[in-house]
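Chain by chain, the residues:
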Amino acid sequence: MATLEVTGLGISFGGLRAVDDLTMSIEKGGLVGLIGPNGAGKTTVFNMLTGVYRPTDGGIRLNGENLIGKKPYEINRMGVARTFQNIRLFPQQSVLDNVMTGLNNQVQYSLAESLLHVGSYHKKEKEMTERSMEILRVFGLEDSAQTLASNLPYGKQRKLEIARALATKPELLLLDEPAAGMNPNETGELMDTIRLVRKEYQVTILLIEHDMKLVQGICEYLYVLNFGRLLAEGTPDKVLNDPAVVKAYLGD
């Protein structure tokens, strides 16, 4: 069974058809890219996958379970996490605390435990801290655990956002332009990190990206959107040499 099954997905805003009849499938552990020109509907697809928008028509299933109609927090608890094109960290919290926020949906306190710090509170907090530090080590951020997120270099802020998403233990990780604004060295490090995350956590990854070096370097399969419709799909070599894709996206 595929981790993600999207069938005939579409959404309209007033008279505008933003996404139309999109079908795609991602097998467990896959690393797939969703590419296309600006305004093609890629982030709209992510917003439908995460419950921010409700599709006008079509289906979305995660491990066979319907996601349509679920609230964003419910979809997150079912196993979908995402990052954003514009970084959305808690800038005045530490690196460690940012990752720990991702664990909050996995740890339940009673009201008394939360207010009075009694019962299993300290044990659970210790477990959350240890788990968060494990994740930070994967991203090479353990030495910055007590640094304010706003004081991290840009490339490390990008990594931290992925680390926080990973803390929710997703089945499906959605990365929205993870290399945006990075220099070539940072992009290379990011590619290595994404490969490591996939290997260590056995997570399925769907990413939106304009950096074709990253796309070609890590993606096994690509879907190309243009004006909200699927233009092409296949392996990176096949898709990026498709004349229709070259014309619509990469330029003549």
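In this text, all values refer to a predicted model and were calculated from it rather than measured experimentally.

(A) Summary view of the nonpolar core. If you look at the biggest cluster of nonpolar residues, it comprises 47 residues, and the most contacted ones within it are Leu136, Phe139, Leu160, Leu173 and Ile218. Here Phe139 is in contact with Lys159, Ile162, Ala163, Leu166, Thr193 and Val197, once residues within four sequence places are set aside.

(B) Geometry of the environment of Gly8. Looking at the secondary structure, you find Gly8 in strand 1 (residues 4-13). For Gly8, a relative accessible area of 23% corresponds to the partly exposed category. Sequence spacing of Gly8 and Lys124 is 116 residues, and the spatial spacing of their C-alpha atoms is 43 Å. Sequence-distant contacts of Gly8, defined by excluding residues within four places in its chain, comprise Asp21, Leu22, Thr23, Asp57 and Gly58.

(C) Geometry of the packing of aromatic side chains. Counted according to the given criterion, the structure contains two aromatic pairs. Note on Phe13 and Tyr53: the rings are 5.2 Å apart at their centroids and 75 degrees apart in plane angle, and the pair reads as edge-to-face. Of this pair, Phe13 sits in strand 1 while Tyr53 sits in the loop between helix 1 (42-49) and strand 4 (57-62), and the two are 40 residues apart along the sequence. Residue classification places Phe13 among the partly exposed positions, given a relative accessible area of 37%. If you follow Arg88 out to its NZ or CZ, it ends over the ring of Phe84, 3.9 Å from the centre.

(D) Here's a closer look at helix 1. Across the eight residues that make up helix 1, a large majority, seven, are buried. Every buried residue belonging to helix 1 is among Lys42, Thr44, Val45, Phe46, Asn47, Met48 and Leu49, and all of these are buried. Following helix 1 by one or two positions, Gly51 has its phi on the positive side, about 85 degrees.

(E) The pairing of strand 2 (residues 16-26), seen in detail. As paired strands, strand 1 and strand 2 are joined by seven bridges and run antiparallel to one another. Opposite Val6, over in strand 2, you have Met24 as the bridge partner. Linkage of strand 1 to strand 2, two consecutive antiparallel strands, is achieved through a turn of two residues, within which Gly14 is found at a positive phi near 65 degrees.

Quick notes on the rules
- Residues numbered from 1 in each chain as written.
- Predicted model: local features only at pLDDT ≥ 70, side-chain atom pairs only at ≥ 80, totals over all residues.
- Heavy atoms only, no water.
- Core = buried A, V, L, I, M, F, W, Y, C linked by side-chain atoms within 4.5 Å.
- Buried < 20%, exposed > 50% of the residue type's maximum accessible area, 1.4 Å probe, protein only.
- Contact = heavy atoms within 4.5 Å.
- Helix = DSSP H or I, 4+ residues; strand = E, 2+ residues; numbered from the N terminus.
- Phe/Tyr/Trp six-rings, centres within 6.5 Å; stacked < 30°, edge-to-face > 60°.
- Lys NZ or Arg CZ within 6 Å of the ring centre and 35° of its normal.
- Pairing = 2+ DSSP bridges.

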